[in-house]
Amino acid sequence: MSRSIDELLLYLDSLNVKFRVDGDRLYCNAPQGVLSPDLSTQLRERKQEILKHLTSSVNLQPIVPVPRNTNLPLSFAQQRLWFLNQLEPNSTTYNLPFAVRLTGTLNMPALEQSLNEIVQRHETLRTTFALVNGQPIQVITPTLTLKLSVVDLQEYPITKQEAEVLRLAVQESQLLFNLAQGPLLRTTLLHLSEKQYVLLFTMHHIVSDGWSIGLLIKEVTALYEAFCKGQPSPLSELPIQYADFAAWQQNWLQGEVLNTLLTYWKKQLGDNLPVLQLSKNYRSSEVKTSQEERQSLILSKTLSQAIKKLGDSVGTTLFMTLLGAFKVLLSWYTGDKDIVVGTDIANRNRIEVENLIGFFVNQLVLRTDLFGNPAFSDFLQRVRKVCLEAYAHQDLPFEKLVSALNPKRDLNQTPLFQVKFILQNAPIHSLEVSNLTLASLDLENPVGRVDLLLELTDTEQGIVGLLKYSKDLFDTSSMARLLNAFETILSQIVVEPAINLNQLEKIVIISDKEYHLSEERKRKEKYQQKLSIIKRKVIGISTEVEK
């Protein structure tokens, strides 16, 4: 499929492919496995086009350091979180917890030195927030020393250790941050045995995001390796800090740049965004809690490969293909034909910010209609068009969009969308450093930010995911049926991409009825088994009494 240079670069951006220009040299950085032979060929053949486009872009205004003796503004994303924190100071919704399992011989002084080097390297981890003349500003502490808290769990029986680890992890994740006092990073080391540890991290979202977590682990690993050997930090000096980006964003995002972005989004989303009728479990006058539950999804490697092959055949990324199937699912579930879904985008399309810890992630609102009973392959082209245009206008912060559209506020709903879809990069694999193995540990965060979130990850074994949902709105059985219907849609579209949406919906309805009946039979069989056990116990007791 032939693409214009704009479409090609937007497509590559959606795959997290980043470019750096140095004179007449073009450097490309892409996640492993993303660049297919066809894409690699296009990059070689169109190198001069790409260079010309990138060097002539109006967006190349550099981000430069700003003086630290002035009031440092917040980024637009930080402003929103700061305001929400003022409204709900006792909320832990924007805590970002994660954990790393450490196996081997741990050099604790080197670990603590590595953590403090990270804090010194990234100003945002030494940042607090103050109110001056009615406006929040960033306050950067020149130095900050973290003391690694250690909890000894070696006396716990092995059978109880994991449960205690999870309990402590959840407990730690729910502790409040004070944005005015800081620090906004906490670390705790759980000592399980001579060679088993779990390192808990919690950061506030106002100074971090998902990309930052991966970056932090990567840099801690590099520093630990060096410090164990008595070597200096191997990390190159950062050209700018997050505060410089925030100041640049405030100056750049105004005038014609802002108006162009706002014009697109107002036209795309309109005045009255549809609200998906997801659940009838609560009245709009009631206040939902933020408690969430989750269910897992595992797609076979065969189906996962077929989904990718389908995308290749019609020119859509894996994200676009899965999003299209998800929107069909939501249409079937709600009966709506105008579907709005939110998603996260790293928003690190500037080379200067790629290696910064900070709150860069932005939210995009993707609106696609299913009117006209199109073939699924044609519907995918609608999804593709919406995604590419959204990527081209991703620089408008979500909070600016909310302010411009000014939707009716409801305590029970997030603004602009209630459902979110995310395709994650492959999870961090285990790392080997200086007699120590690091592996990420999955933690359940019981606090949800949207009503429904489907979070998928492409792994070597196949596509896996989690469906996270509000406990107040959905029950376990209906969410299990939703996941079954999603797999039905995916299995059908890879076999018949040109199937029209009405026919696809009929197949989902039949599959859902069969699934529901099967689950009912299983429940009845389980009930009968329990009843039989109770009867046997009663007969046994009666026999003993008669004796």
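For the structure, see preceding data.
From a predicted model like this one, the values you see are computed outputs, not experimental measurements. Residue positions are counted from 1 within each chain, in the order its sequence is given. Per-residue local features of the predicted model are confined to residues with pLDDT of at least 70, and side-chain atom pairs are confined, for both listing and counting, to 80 or more; whole-chain, interface and lining totals are unaffected and use all residues. Heavy atoms from the whole structure form the basis of all side-chain values; hydrogens and water molecules are not counted.

What should I look at first to understand the overall build of the chain in this one?
Check the secondary structure of the chain and you find 15 helices and 16 strands. Every radius of gyration here is taken over C-alpha atoms, with the globule rule written as 2.2 Å times N^0.38, N being the number of residues. Relative to the 2.2 N^0.38 estimate, which gives 24 Å for 547 residues, the radius of gyration of the chain is 26 Å and therefore close to what a compact globule would have. Taken along the three principal axes of its C-alpha coordinates, the chain extends 90 × 65 × 50 Å. Here's how the labels work: a residue is buried when its accessible area is under 20% of the maximum for its type, exposed when over 50%, partly exposed in between, all with a 1.4 Å probe on protein chains only. Expressed as a percentage of the 547 residues in the chain, the buried residues total 49%. Considering only contacts within the chain whose residues lie at least 6 apart along the sequence, 77% involve residues at least 24 apart. In these tables, accessible area is a Shrake-Rupley quantity obtained with a 1.4 Å probe, and a residue counts as shielded only by the protein chains included in the view. Carbon together with sulfur atoms contributes 51% to the accessible area of the chain, which is approximately 27500 Å² in total. Only four residue types enter the tally: Lys and Arg on the positive side, Asp and Glu on the negative side; His and the chain ends are excluded. Where a charge lies is defined by one atom per residue type: Lys uses NZ, Arg uses CZ, Asp uses CG and Glu uses CD. Between the mean site of the 57 positive side-chain charges and the mean site of the 59 negative ones, the chain shows a separation of 3 Å. Only DSSP runs of H or I with at least four residues qualify as helices, and only runs of E with at least two residues qualify as strands; both kinds are numbered from the N terminus onward. Two residues form a contact once any of their heavy atoms are found within 4.5 Å.

Would you mind showing me how to read the side chain of Thr488 here?
For Thr488, the position within the fold is in helix α14 (residues 476–495). For Thr488, a relative accessible area of 16% translates into the label buried. Side-chain polar atoms of Thr488 contact the side chain of Ser511, separated by 2.9 Å. Beyond its immediate stretch of four places on either side in the chain, Thr488 contacts Ile507, Val508 and Ser511. Counted as a polar contact is a pair of N or O atoms within 3.5 Å, where, for protein atoms, one must be capable of donating a hydrogen and the other of accepting one, and residues adjacent in sequence contribute only when both atoms are in side chains.

How should I be thinking about unusual backbone geometry in this particular structure?
For residues besides glycine, phi is generally negative; the peptide bonds are generally trans as well. That bond from Gly182 to Pro183 is cis: its omega, -10°, falls within 30 degrees of zero. Here Pro183 is to be found in the loop between α6 (158–173) and β7 (185–193). Despite not being glycine, Ser434 shows a phi value in the positive range, around 35°. With respect to the secondary-structure elements, Ser434 resides in the loop between β13 (431–433) and β14 (436–441).

Can you walk me through the packing of aromatic side chains in this structure?
Any aromatic ring pair is given by two values, namely how distant the centres are and how the planes are angled relative to each other. We call Phe, Tyr and Trp rings a pair once their centres come within 6.5 Å, taking the six-membered ring for Trp, and we label the pair stacked below 30 degrees between planes, edge-to-face above 60, and tilted otherwise. Following the criterion strictly, the structure yields 14 aromatic pairs and no others. Here the aromatic rings of Phe326 and Phe486 are separated by 6.2 Å at their centres, their planes lie at 85°, and the arrangement is edge-to-face. With a gap of 160 residues between them, Phe326 in helix α11 (residues 318–334) and Phe486 in helix α14 connect regions that are remote in the sequence. Taking the relative accessible area as the measure of exposure, Phe326 reaches 0% and is therefore buried. By the ring-pair criterion, three or more aromatic residues cluster together here, those being Tyr242, Phe245, Trp248, Trp252 and Phe360.

Would you mind showing me how to read the nonpolar core here?
Nonpolar side chains in soluble globular proteins generally cluster together in the buried interior. Formed by 101 residues in total, the largest nonpolar core has its most connected members in Phe326, Phe376, Leu416, Phe421, Leu452, Phe486 and Leu490. It is α11 that contributes the most residues to this core, 11 residues altogether. Those residues in contact with Phe486, other than ones at most four positions away along the chain, are Leu297, Leu322, Ala325, Phe326, Leu329, Leu454 and Leu456. Residue types Ala, Val, Leu, Ile, Met, Phe, Trp, Tyr and Cys, when buried and joined through side-chain atoms within 4.5 Å, form a set referred to as a nonpolar core. Core analysis: the second largest hydrophobic core is formed by 30 residues, Ala110, Val119, Tyr224 and Leu436 among them.

Looking at this structure, how should I read the pairing of strand β6 (residues 149–152)?
Side chains on a regular strand alternate between the two faces of the sheet. Alignment of β6 against β7, held across 4 bridges, turns out to be parallel. Bridge assignment links Val150 to a residue of β7, and that residue is Leu189. Tracing the backbone out of β6, into α6 and back to the parallel element β7 gives a crossover that is right-handed. Between any two strands, at least two bridges found by DSSP are needed for them to pair. Crossovers are described as right-handed under a simple rule: with the strands pointing away from the observer, the path leading from the first strand over the helix to the second runs clockwise.

Can you walk me through the pattern of salt bridges in this structure?
Pairs can form between side chains of opposite charge once their charged atoms are near each other. Throughout this description, the term salt bridge denotes a Lys or Arg side-chain nitrogen within 4 Å of a carboxyl oxygen of Asp or Glu. As enumerated under the stated definition, the model contains 18 salt bridges in all. Its salt-bridge partner being Arg481, residue Asp512 comes within 2.6 Å of it at the nearest N-O pair. Taken together, the residues Asp512 in helix α15 (residues 501–546) and Arg481 in helix α14 connect sequence positions 31 residues apart. Counted as one network, the salt bridges with shared partners bring together Arg68, Glu123 and Asp244.

Sorry, what's going on with the environment of Ser149 here?
By the element assignment, Ser149 lies in strand β6. Given a relative accessible area of 35%, Ser149 falls into the partly exposed group. Spatially, the C-alpha atoms of Ser149 and Ile206 are 23 Å apart, while their sequence positions differ by 57 residues. If sequence neighbours within four positions are ignored, Ser149 has contacts with Thr187, Thr188 and Leu189.

For this particular structure, what's the right way to read helix α2 (residues 37–45)?
Each full turn of the α-helix corresponds to 3.6 residues, which orients residues three or four apart in the same direction. Listed as buried for α2 are Leu39, Gln42 and Leu43. Buried positions in α2, seen along its axis, are confined to an arc of 100° and lie on one side of it. Turned more than 90 degrees away from the buried face of α2 sit Pro37, Arg44 and Glu45, all of them exposed. The directions considered for the arc run from the helix axis to the C-beta atoms.

Please clarify how the sheet that holds β6 should be interpreted in this entry.
Working definition: the strands of a sheet are paired by backbone hydrogen bonds and lie parallel or antiparallel to each other. With respect to topology, 6 strands assemble into an open sheet ordered β6-β7-β8-β3-β14-β13, the strand pairing being mixed. Each edge of the open sheet is held by one strand with a lone partner, namely β6 and β13. Each adjacent strand pair in this sheet contributes to an overall mean axis angle of 25°, direction not counted. In this analysis, axes come from line fits to C-alpha atoms, helices being fitted only over the stretch in contact, and the angle between any two N-to-C directions falls in the range 0 to 180 degrees. Here α6 sits on the sheet and contacts β3 (95–104), β6, β7, β8 (196–204) and β14; the angle it forms with β7, its principal contact strand, is near 170°.

For this particular structure, what's the right way to read the environment of Phe245?
Here Phe245 lies in helix α8 (residues 242–252). A relative accessible area of 6% places Phe245 in the buried class. Between the C-alpha atoms of Phe245 and Gly214, which are 31 residues apart in sequence, the distance is 20 Å. Contacts of Phe245, omitting those with residues within four sequence positions, involve Ile63, Ser75, Val353 and Phe360.

How should I be thinking about the packing of α11 against α14 in this particular structure?
Relative orientation and spacing of two packed helices are given, respectively, by the angle between their axes and the distance between those axes. Where α11 contacts α14, the two axes come as close as 10 Å, and the packing angle between them is 130°. As judged from the angle between their axes, α11 and α14 are oblique. As for the relative orientation of α11 and α14, their crossing is right-handed in sense. Contact residues: α11 offers Leu322, Ala325, Phe326, Val328, Leu329, Trp332 and Tyr333, while α14 offers Ser478, Met479, Leu482, Ala485, Phe486, Ile489, Leu490 and Ile493. Only Asp, Glu, Lys and Arg are considered charged, only Ala, Val, Leu, Ile, Met, Phe, Trp, Tyr, Cys and Pro nonpolar, and every remaining residue, Gly among them, polar. A class-by-class count of the residues in the contact of α11 with α14 yields 14 nonpolar, 1 polar and no charged. Oblique is the label for any angle not under 35 degrees, not over 145, and not in the 65 to 115 range, which are roughly parallel, roughly antiparallel and roughly perpendicular in turn. By definition, any crossing whose near helix is turned counterclockwise from its far helix by less than a right angle is left-handed, and any crossing with a clockwise turn is right-handed.

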